[in-house]
Amino acid sequence: MNSIYNFSAGPAILPKDVLYKAQKELKNWNNLGCSVMEISHRTEEFHQVITEAEKDLRDLLNIPDTYKILFCQGGARGQFSAIPMNLLRNFLTADYINSGYWSNSAFLESKKYCNSKNILIRKTKNNKTYLLKPSQWNVSDISAYIHYCPNETIDGLSLYEEPSFKDKIVVGDFSSFILSRSIDINKYGLIYAGAQKNIGPSGITIIIIRQDLIGYASRLCPSIFDYNIMNKYNSMFNTPPTFAWYLSGLVFKWLKKQGGIKKIEQLNKKKSDLLYHVIDNSNFYINNINKKNRSQMNIVFHLFDSELNQIFLKESKKFGLYALKGHFIVGGMRASIYNAMPFEGVKQLAKFMLFFEKKYG
Ligand SMILES: *Cc1c(COP(=O)(O)O)cnc(C)c1O
């Protein structure tokens, strides 16, 4: 089979080396004569998998001991509910920074639990979309926490400035941002991420939470969403998605082998710079996002002539470039270039875009 490059937004591309390793050991994992999927999560062998996964993630993101890591289910959307149920405590409100589709969805869900405040930070100036910096956010004094999303996967918007609020708990939806660049964990009370963007297969959700925030779940919070219970049971209160956990662990090891987050961060910049360069040097492709707020993970662009959309998708696919169709609420195209996308794949896309422009522009 010819090799292709997969630009899907999620579930998304995984490192080839990781897939080869999983394939190689699929039927006989760890010399047990069966696959990792077929053993109990309580075995010594599986315990090793999760211990290493946690340690590698701690190393990669420099996570201090004062933070716990939980491996949960229910996806990022599950956390849209779990967060208010665990962190509201006796507060009646929380601040929701609204920068696009996902942060707005988190806000809407939170309204089931409290009278949350919707803080719009997405603005337009000279036809360019930009986001207000954390220092410009109009947060309230009476909120339990501030929720935000540093990378809006659908809108292609990013906020690179980390929020620094001394006396506020900052909660971040890092689903498509985690492990793409280095962050200062100490600035956050909790960050969470569904795995299927930049970590592993779907089915597992990673939560990094400051220890002192555990133990305040509301009485009606389902046990599987209660951080205290999940923590006490070492993320095994119910049967965990063992294969997704194992594969995520392999991705962490792969990331370390690539040189860690600093190296990945440089490469991610190089990859996104190349595509934005093609877009900015043409009158054929359009991206109206302020340079400071452009996502390095999800590059969103429109064709000058939307009649060409279908032809672009058809021809790019023939070129071996898959899943470039934008989300239906935004339209146009979206190239998701997570950590696992090699520079070569981005080069191929850039080459195709130039070729296509020449042909139809
Ligand atoms: C994909 C995504 C979600 C939804 O994740 P699920 O795991 O499907 O619930 C939420 N937030 C962001 C930023 C995402 O990219």
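Residues numbered from 1 in each chain as written. Predicted model: local features only at pLDDT ≥ 70, side-chain atom pairs only at ≥ 80, totals over all residues. Heavy atoms only, no water.

- Under the annotation held in an unreviewed UniProt entry, the protein carries the name Phosphoserine aminotransferase and is attributed to Buchnera aphidicola.
- According to its UniProt record, the protein has this under Function (unreviewed entry): "Catalyzes the reversible conversion of 3-phosphohydroxypyruvate to phosphoserine and of 3-hydroxy-2-oxo-4-phosphonooxybutanoate to phosphohydroxythreonine."
- What UniProt records for the protein under Subcellular location (unreviewed entry) is the sentence "Cytoplasm". (UniProt positions renumbered as here; feature names shortened; annotations may be inferred.)

## Overview of the site of the ligand
Next up, step 1: Around the ligand, the surrounding shell holds 13 residues, and the nearest of these are Arg77, Thr153, Asp173, Gln196 and Lys197.
Next up, step 2: Thr153 places a polar side-chain atom, nitrogen or oxygen, 2.4 Å from an oxygen atom of the ligand.
Next up, step 3: At 2.9 Å, a side-chain N or O of Gln196 approaches an oxygen atom of the ligand.
Next up, step 4: Bound to the protein, the ligand loses 87% of the 390 Å² it would expose on its own.
Next up, step 5: Looking at the shell around the ligand, the element that brings in the most residues is helix 3 (residues 75–87), giving four residues.
Next up, step 6: Class assignment of the residues belonging to the shell around the ligand gives a composition of four nonpolar, six polar and three charged. (Near = heavy atom within 4 Å. Polar contact = N/O pair within 3.5 Å; in protein donor to acceptor, adjacent residues only side chain to side chain. Areas by Shrake-Rupley, 256 points an atom, 1.4 Å probe, with all protein chains shown as cover. Helix = DSSP H or I, 4+ residues; strand = E, 2+ residues; numbered from the N terminus. Nonpolar A, V, L, I, M, F, W, Y, C, P; charged D, E, K, R; others polar.)

## Some thoughts on the layout of surface pockets
Next up, step 1: Estimated volume of the largest pocket: approximately 420 Å³.
Next up, step 2: Counting residues per element, the ones that place at least two in the lining of the largest pocket are strand 1 (5–6), helix 1 (16–24) and helix 7 (260–280).
Next up, step 3: Looking at the lining of the largest pocket residue by residue, the classes come out as 14 nonpolar, five polar and two charged.
Next up, step 4: Both of domain 1 (17–257) and domain 2 (260–360) provide at least three residues apiece to the lining of the largest pocket.
Next up, step 5: Approximately 260 Å³ is the volume attributed to the second largest pocket. (1 Å grid on protein atoms, 1.4 Å probe; cavity = no way out; pocket = protein on both sides within 12 Å on 5 of 7 lines; lining within 4 Å. Points joined across faces, edges and corners; volume = space filled by probe spheres on them. Domains from an automatic or database assignment.)

## Side note on a nonpolar patch on the surface
Next up, step 1: On the surface, Ile224, Tyr233 and Phe237 cluster together to form a nonpolar patch covering roughly 270 Å² of accessible area.
Next up, step 2: As for its placement among the helices and strands, Ile224 is situated in the loop between strand 12 (205–210) and helix 5 (227–232). (Patch = residues over 30% accessible without salt bridge, like charges linked within 9 Å, V, L, I, M, F, W, Y side chains within 5 Å. Salt bridge = Lys/Arg side-chain N within 4 Å of Asp/Glu carboxyl O.)

## Side note on the packing of helix 1 against helix 6 (residues 242–257)
Next up, step 1: Where helix 1 meets helix 6, the closest approach of the two axes is 9 Å, and the angle between their N-to-C directions is 135°. Taken together, the axes of helix 1 and helix 6 are oblique relative to one another. The two elements helix 1 and helix 6 cross, and the hand of that crossing is right-handed. On helix 6, the residues touching Asp17, Val18, Lys21 and Ala22 of helix 1 are Tyr246, Leu247, Leu250, Val251 and Trp254.
Next up, step 2: Grouping the constituent residues of the contact of helix 1 with helix 6 by class yields seven nonpolar, no polar and two charged. (Axes fitted to C-alpha atoms, helices over the stretch in contact; angles between N-to-C directions. Parallel < 35°, antiparallel > 145°, perpendicular 65-115°, else oblique. Left-handed = near helix turned anticlockwise from the far one by under 90°. Contact = heavy atoms within 4.5 Å.)

## Things to note about the domain arrangement of the protein
Next up, step 1: Taken as a whole, the protein is organised into domain 1 (17–257) and domain 2 (260–360).
Next up, step 2: With 26 residues of domain 1 in contact, the opposing surface of domain 2 contributes 26 residues.
Next up, step 3: Where domain 1 abuts domain 2, roughly 2300 Å² becomes buried across the two surfaces, and 50% of that area is made up of carbon and sulfur atoms.
Next up, step 4: When the area that domain 1 buries against domain 2 is broken down by residue, the three leading residues are Ile154, Gly156 and Tyr160, summing to 22%.
Next up, step 5: Between domain 1 and domain 2 we count zero salt bridges in total. (Buried area = accessible area lost by both parts, 1.4 Å probe.)

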